[in-house]
Amino acid sequence: MATPQPDADAPVVEVGHLRKTYPAARRGGVPKTAVTDVSFQVARGEIFGILGPNGAGKTTTVECVSGLRHADGGTVRVLGHDPQADPTSVREHVGVQLQEAALHDKITVGEALDVFGSFYTHRADPAELLDLLDLTAHRDQQFAKLSGGQKQRLSIALALVGKPQVAILDELTTGLDPAARRATWDLVEKVRDSGVTVLLVTHFMDEAERLCDRLVVIDGGRVVAQGTPSALIEGLEGDRGVRLRFADAGARAGATALLTALADRDDDVTAAVPVGDEIEVTGTHKVLFAVVQTLAAADVVPDDVRTLERTLEDVFVQVTGRAYRVDENEEVAA
Ligand SMILES: Nc1ncnc2c1ncn2[C@@H]1O[C@H](COP(=O)(O)OP(=O)(O)OP(=O)(O)O)[C@@H](O)[C@H]1O
């Protein structure tokens, strides 16, 4: 039966009130609810992030999306197909990034693409994939001889070998150095730009902020925030901060007096306090303007001014009341 052509505006992935409990590992043990209530919709052509700390339920969620795991409750639809009832259709349309342990040390990049490609009805052109993932020069290289970044790029190539409409990439940059991480981010954008919808699992806040068009933040098996990274950050309550550095202690003392007086009289400025050899001024979104105006009027010029960046980490702290901690090597129970 031909696959019905989905409406171009319909969500590519729909997850509604997903629930998954793992049975107790041994007799007398307790079952573990990995996903309690997770809902989200992924639009065609976006990089959609699933962000959260260790043990939040991210991998379990995407395993239910790809059909690798059966959910206990809720609904999952991928291009309109139920992965539980119709795993074959979902497998044809969803590419899952493989963990590197799944490849033999001696297999070459080209051979791996051939072997994995043979599983699919529609196959991507290996030369195009190698070019997209910047692996053309490594076609005949054995897996064990590849660098960490090259192995990750190969794992992305293998996820794309069946010409999927959706690629699931899980903890893609764990263990990579900063340069390899940035290169991998560029590639994920190239994959999205080639028309593939990307479902990206990550515990890196900076990665989610830099790459994702939209995302859900998951904690303890529940969605605690969702939206675009910028909307989530802009929605943060609380003060913004500015740090100022001056040439010497005398200049700093003079500026501190000016800025403390500013905090007393201006509702947009909450406080001006010394932090190390800097002054931190907090207040509303108008705080920077007020500080600059005050200093300029007194002809005081700081050596350095920087606004304190607000990040997705601040969003996590606000919605959970906890600091965001991840351990790349250890899985922590949620
Ligand atoms: N096969 C399993 N059997 C029992 N418990 C499991 C199983 N897989 C995962 N869990 C538990 O379910 C919870 C969620 O795990 P999951 O791997 O989905 O989280 P995650 O957010 O992907 O974490 P991480 O970032 O550490 O990979 C964790 O407490 C984990 O220990």
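In this text, all values refer to a predicted model and were calculated from it rather than measured experimentally.

### Some points on the confidence of the model for the protein
And then number 1: Residues with a pLDDT of 70 or more make up 95% of the protein, whose mean pLDDT is 90.
And then number 2: With a pTM of 0.85, the predicted complex shows an ipTM of 0.97.

### Topic: the pairing of strand β1 (residues 13-22)
And then number 1: The pairing of β1 with strand β4 (residues 73-78) spans five bridges and is classified as antiparallel. Bridged to G16 within β4 is T75.

### Quick look at the site of the ligand
And then number 1: Taken together, 15 residues lie around the ligand, and Y22, A34, K58, T59 and T60 are the ones closest in.
And then number 2: Contributions of two or more residues to the shell around the ligand are made by β2 (32-42) and α1 (58-66).
And then number 3: A total of three residues in the shell around the ligand trace back to one element, the largest contributor, which is α1.
And then number 4: Tallied by class, the residues present in the shell around the ligand amount to five nonpolar, seven polar and three charged.

### Some details on the packing of helix α9 (residues 249-265) against helix α10 (residues 287-297)
And then number 1: Running from N to C, α9 and α10 cross one another at 130 degrees; their axes reach a closest spacing of 10 Å. Judged by the inter-axis angle, α9 sits oblique to α10. As for how α9 packs across α10, the hand of that crossing is right-handed. Within the contact between the two elements, α9 uses A255, L258, L259 and L262 and α10 uses A290, V291, T294 and L295.
And then number 2: Here the residues of the contact of α9 with α10 are counted per class, giving seven nonpolar, one polar and no charged.

### Some remarks on the nonpolar core
And then number 1: In terms of nonpolar packing, the biggest core is built from 65 residues, with A157, L169, V198, L199 and L200 touching the most fellow members.
And then number 2: At six residues, the largest contribution of residues to this core is made by helix α5 (residues 148-160).
And then number 3: What V198 contacts, discounting residues up to four positions off in sequence, is I47, F48, A167, L169, V188, V191 and R192.
And then number 4: L244, L262, I279 and V287 belong to the second-largest nonpolar core, a separate cluster that totals 15 residues.

### What to know about the environment of V62
And then number 1: Within the secondary structure, V62 is located in helix α1.
And then number 2: Taking the C-alpha atoms as reference, V62 lies 12 Å from F40; in sequence the two are 22 residues apart.
And then number 3: V62 has contacts with I50, I168, D170, L199 and V201, leaving out every residue within four places of it along the chain.

So, how was this worked out
Within each chain, residues carry numbers counting from 1 in the order of the written sequence. With pLDDT at 70 or above as the cut-off, local features in this predicted model cover only qualifying residues; side-chain atom pairs require 80 or more to be listed or tallied, and sums for whole chains, interfaces and linings still use all residues. Here pLDDT means the predictor's own confidence in every residue, given as a number from 0 to 100. Only when DSSP finds a minimum of two bridges between them are two strands counted as paired. Helix and strand labels come from DSSP, where a helix needs a run of H or I of at least four residues and a strand needs a run of E of at least two; each type is numbered from the N terminus. Being near a molecule or strand means, for a residue, that its C-beta atom, positioned from the backbone, comes within 6 Å of it. Polar here means any residue other than Ala, Val, Leu, Ile, Met, Phe, Trp, Tyr, Cys and Pro, which are nonpolar, and Asp, Glu, Lys and Arg, which are charged; Gly is therefore polar. Each axis is a line fitted through C-alpha atoms, and for a helix only the stretch in contact is used; angles between axes span 0 to 180 degrees, taken between their N-to-C directions. Should an angle lie under 35 degrees it is considered roughly parallel, over 145 roughly antiparallel, and from 65 to 115 roughly perpendicular; all remaining angles are considered oblique. Two helices crossing with the near one rotated counterclockwise from the far one by less than a right angle form a left-handed crossing, whereas a clockwise rotation gives a right-handed crossing. Remark: residues whose backbone-derived C-beta atoms lie within 7 Å of one another are considered to be in contact. Defined on buried residues, the nonpolar core groups Ala, Val, Leu, Ile, Met, Phe, Trp, Tyr and Cys residues joined through C-beta atoms within 7 Å. Three exposure classes are used. Buried residues have 20 or more other C-beta atoms within 10 Å of their own C-beta, exposed residues have 12 or fewer, and partly exposed residues fall in between, all C-beta atoms being placed from the backbone.

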